[in-house]
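Structural overview for review
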Amino acid sequence: ERHNMSMKPEQAAGFQKVFDKLVGNVEQVLLGKNRTVRLAFTAMLSGGHLLLEDYPGTGKTSLARAMAQSVQGSHSRIQFTPDLLPGDITGVSIFDQKKGAFEFHKGPIFSNIVLADEINRASPKTQSALLEVMEEHHVTVDGVTHPTGEPFMVIATQNPIEQAGTYRLPEAQLDRFLMKASLGYPDHASTMLILEGSAKKQAAELDGVVPAEMVVKLIELAKSVHVDPEINDYVSRIVEATRFAPEVRLGASVRGALALIRASRVHAASLGRHFVIPDDVKALADSVLSHRLVLDPEAEFDGVTANNVVGKILIDLPVGAPAAS
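The paragraphs below set out a description of the structure included in this document. Note that the structure is predicted; figures quoted are calculated from it, not measured.

**Description of the overall build of the protein chain**
- For the protein chain, the count of helices and strands is 13 helices and 11 strands.
- A compact globule built from 325 residues would reach a C-alpha radius of gyration of about 20 Å, and the protein chain, at 20 Å, matches this within 12%.
- Dimensions along the principal axes, computed over C-alpha positions, put the protein chain at roughly 70 × 50 × 50 Å.
- Relative to its 325 residues, the protein chain shows a buried fraction of 47%.

**Focus on the nonpolar core**
- Core analysis: the largest hydrophobic core is formed by 71 residues, its most contacted members being Phe15, Phe41, Leu50, Leu63, Met67 and Ile155.
- If one sorts the elements of this core by residue count, helix 10 (residues 254-270) sits on top with 8 residues.
- Not counting chain neighbours up to four residues away, the residues in contact with Leu50 comprise Ala40, Ala43, Met153, Val154, Ile155, Ala156, Phe177, Met179 and Ala181.
- Among the nonpolar cores identified, the runner-up in size contains 24 residues, and Ala116, Ala122, Met134 and Phe152 belong to it.

**Some words on the sheet that holds strand 1 (residues 50-53)**
- Here we have 5 strands laid out as an open sheet, ordered 2-5-8-1-9, and parallel in their pairing. Since the sheet does not close on itself, it has two edges, and those belong to strand 2 (75-79) and strand 9 (179-181), each with one partner. Taking each pair of neighbouring strands and ignoring which way they run, the sheet shows an average axis angle of 20 degrees.
- One ladder, built from 4 bridges, connects strand 1 with strand 8 (residues 153-158); its direction is parallel.

**A few points about the side chain of Ser270**
- One can find Ser270 in helix 10.
- Beyond its immediate chain neighbours, meaning those up to four positions away, Ser270 contacts Phe15, Gln16, Phe19, Asp20 and Arg38.

Calculation rules
- Residues numbered from 1 in each chain as written.
- Predicted model: local features only at pLDDT ≥ 70, side-chain atom pairs only at ≥ 80, totals over all residues.
- Heavy atoms only, no water.
- Helix = DSSP H or I, 4+ residues; strand = E, 2+ residues; numbered from the N terminus.
- Rg over C-alpha atoms; globule rule 2.2 N^0.38 Å.
- Buried < 20%, exposed > 50% of the residue type's maximum accessible area, 1.4 Å probe, protein only.
- Core = buried A, V, L, I, M, F, W, Y, C linked by side-chain atoms within 4.5 Å.
- Contact = heavy atoms within 4.5 Å.
- Pairing = 2+ DSSP bridges.
- Axes fitted to C-alpha atoms, helices over the stretch in contact; angles between N-to-C directions.

Encoded structure:
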């Protein structure tokens, strides 16, 4: 992180205003999903990608489209299938007879918000093509680099049900997602409203809240939220604790710690604060770290989840205590 000027209180207030407007806009389409919508925008404004683990029919497409409309950006959806090829995502070079040269035809990855649906149904080779673009923000074909454009966010979904013919994403690749969340089915009250047809709008009818260029500025601005050394210490102790937890075979990496700081900055600003407090870290630790842990098969068999492990660490770890020497 480069050290830019620290965020001012009035900048934090402005950030909160825009954030709440974005969330409120999407909530016209997705009823009763405040927490997940906030997480999704937190991921976007952290410059990160989101993994949704969900059953079909929970509104993932609506979420991606509503977010894209809200930031006046482009949106595409890629349905992952066993026969999907890397070129189906990135695009391909096609020989142009008239020009006597190859021309690059951009694939659906060239959108501000890309919904990668059922990512665990595609072959590992195709998965890694997606993950590479997520990391690099560009596609290189025949030695020419094509940037994806900014903002650029992938919302990938995977089915929680272990189905035949699915490929689990390797842990090293799950690390590319800033956060993992789930929409889940709407609660009873929201379902009643949906059935009465009172979800105010379809995603396609939503108004824009801010232009896409503004999102790029907000991502930069969020990096200026102040992080005290004590917060860095707290985050590194949480991440270290994931490595020593008895139920865990592989804990979170430094990338996980950096992701948690990045997201905590956005979380603070989204609440109108220009500095991070331990509550920001606590609010996001589960969403940012759980998918990065590999559990011991025996613990997994006993029903332990990564969420349980992170939850327990947050309870056990004192906030301001100095790191154990």
